[in-house]
Amino acid sequence: MKSAFRAPSNIALVKYWGKYGVQLPSNPSISFTLDACATETTLELTETPGIRVALDGVDTPSFVPKVAQFVERAATRHPWLKDYGLNVQTHNSFPHSSGIASSASGMSALALCVVDLARQLGHEVADPKQEASILARLGSGSACRSVFGGLVVWGETHSIPGSSQEFGVEYPHPVHDVFRGYRDVVALVDVGQKAVSSTTGHQLMEQHPFRSQRFAQAHDHLASLGPILASGDLEAFMELVELEALTLHGLMMSSSPSYILMRPNTLRIIEAIRGFRRETGTPISFTLDAGANVHILFPEHAEQSALQFVEEQVKPWCKDGRAIADRVGQGPVSLLQ
Ligand code: PMV
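So, here's what we can say about the structure.

About the thresholds
Counting from 1, residues in each chain are numbered in the order their sequence is written. A pLDDT threshold of at least 70 governs which residues receive local features in this predicted model, and a stricter bar of 80 or more applies before side-chain atom pairs are shown or counted, although totals over entire chains, interfaces and linings include all residues. Heavy atoms throughout the structure, all of them, feed into the side-chain values; hydrogens and water do not. A single heavy atom is enough: if one lies within 4 Å of a molecule or strand, its residue is considered near that molecule or strand. Within 3.5 Å is the distance limit for a polar contact, defined as a pair of N or O atoms, with the added protein rule that one can donate a hydrogen and the other accept it, and that residues adjacent in sequence qualify only through two side-chain atoms. All accessible areas in this document rest on Shrake-Rupley with a 1.4 Å probe, and a residue is counted as covered only by the protein chains that are shown. Three classes are used, and their members are as follows: Ala, Val, Leu, Ile, Met, Phe, Trp, Tyr, Cys and Pro are nonpolar, Asp, Glu, Lys and Arg are charged, and the others, Gly among them, are polar. Strands are labelled as partners when DSSP assigns at least two bridges between them. Each helix corresponds to a stretch of at least 4 residues labelled H or I by DSSP, and each strand to a stretch of at least 2 residues labelled E; elements are numbered beginning at the N terminus. Angles run from 0 to 180 degrees between N-to-C directions of axes, and those axes are lines fitted to C-alpha atoms, restricted for helices to the stretch in contact. Contacts were defined at the residue level, with two residues in contact if any of their heavy atoms lie within 4.5 Å. Three exposure classes are used, based on accessible area relative to the maximum for each residue type with a 1.4 Å probe and protein chains only: buried under 20%, partly exposed in between, and exposed over 50%.

1. Overview of the site of the ligand
Line of reasoning, step 1. In the vicinity of the ligand, the residues found are Ala12, Lys15, Tyr16, Trp17, Ser140, Gly141, Ser142, Arg145, His202, Leu248 and Ala290.
Line of reasoning, step 2. One nitrogen or oxygen atom from the side chain of Ser142 is found 2.7 Å from an oxygen atom belonging to the ligand.
Line of reasoning, step 3. The contact in question runs from an oxygen atom of the ligand to an N or O atom on the side chain of Arg145, over 2.7 Å.
Line of reasoning, step 4. Protein contacts shield 88% of the accessible area of the ligand, which totals 380 Å² for the unbound molecule.
Line of reasoning, step 5. Among the residues forming the shell around the ligand, the class breakdown is five nonpolar, four polar and two charged.

Here's what the structure looks like:
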């Protein structure tokens, strides 16, 4: 018996940074689900006990502990998982060497497979997407948002009815057309292993001197995004999203111990984006995840000038001149039907 899903990565606009319990967020977040950057995973139940993981068809024992931890946690809701051996075959659409984290797309794809198999085995699952989001969260917090397409909110907050600490929900309020198919070009600045992991970064928020202000700010930012998303106010959108990105890195720089994940070329690209926006009026902005790469965001109608800008003024600062073009997507798809 097997299941297979393709699940995309996501990029947060309001950032989740800090957690408690089993991957519960200290503050709410919202992300765009992407399209091209995705993981395709097949999960097969076998008679032979144990977990086997193959990446691009090659047996990869180094992935087993992460999958085993996921299965341990998922089995608290799906005890049947323990009755089988598991064969996982996985493939990322983006190169492993890109420094793009595959945990969101990978855990989301795996969680969707588990929920599908539960149903194939005859177990009742009241809300399969919600269940997959809960399981994905147990694997990697932000993965719970990749179960849905478009804009997804995770973390309970007053401005989003139905929002939950345990799973992501599709953004429920009106969204202006300018945000449909929004572009994200990922400028690859540093493709190596991060100096400080996200797990450590989340932990450092526990004692962070600015934690309560930050958590309150994230709620405020989600609430102020409402009218921005509804009206298509790109100026306000770009200002808020860049403030969120720099706040995330500001929190890292003001943690104890402090650390810096941006690289000199991260700042060069940020400067170039702001300069180009000032000079040409093109609605192009940036966000950052917990690393040195720069996500360059712009609406579809600005694509021509934005892509020319990326060629001329961004790629020279990228590792081997590399950037990955992506956009907001529709969410995961089953690969077997
Ligand atoms: O899901 P994790 O533990 O990899 O943390 C992701 C944190 C950020 O990417 C920095 C922000 C976010 O909301 O995705």
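That was the structure; now back to the text.
2. Let's talk about the sheet that holds strand β12 (residues 294-298)
Line of reasoning, step 1. Sheet architecture is open: four strands sit in the order β11-β12-β10-β13, paired in antiparallel fashion. The open sheet is flanked by β11 (285-288) and β13 (323-327), the only strands paired with a single partner. On average, each strand axis in the sheet is inclined to that of its neighbour by 25 degrees, with strand direction left out of account.
Line of reasoning, step 2. Packed onto the sheet, helix α6 (residues 234-253) meets β11 and β12 and runs at close to 30 degrees relative to β11.
Line of reasoning, step 3. With respect to the sheet, helix α7 (residues 264-280) is in contact with β10 (183-187), β11 and β12, its orientation differing from that of β11 by roughly 155 degrees.

3. Brief notes about unusual backbone geometry
Line of reasoning, step 1. The amide bond that connects Ser256 to the next residue, Pro257, takes the cis arrangement and shows omega of 0 degrees.
Line of reasoning, step 2. Along the chain, Pro257 falls in the loop between α6 and α7.
Line of reasoning, step 3. The backbone phi angle of Asp56 is positive, close to 50 degrees, even though this residue is not glycine.
Line of reasoning, step 4. Secondary-structure assignment places Asp56 in the loop between β5 (51-55) and β6 (58-59).
Line of reasoning, step 5. The exposure class assigned to Asp56 is partly exposed, which follows from its relative accessible area of 49%.
Line of reasoning, step 6. The phi torsion at Asp320 lies on the positive side, around 50 degrees, for a residue other than glycine.
Line of reasoning, step 7. A residue is classified by how much of its surface remains accessible, and Asp320, at 66% relative accessible area, is exposed.

On their own, these measurements won't tell you what the molecule is for.
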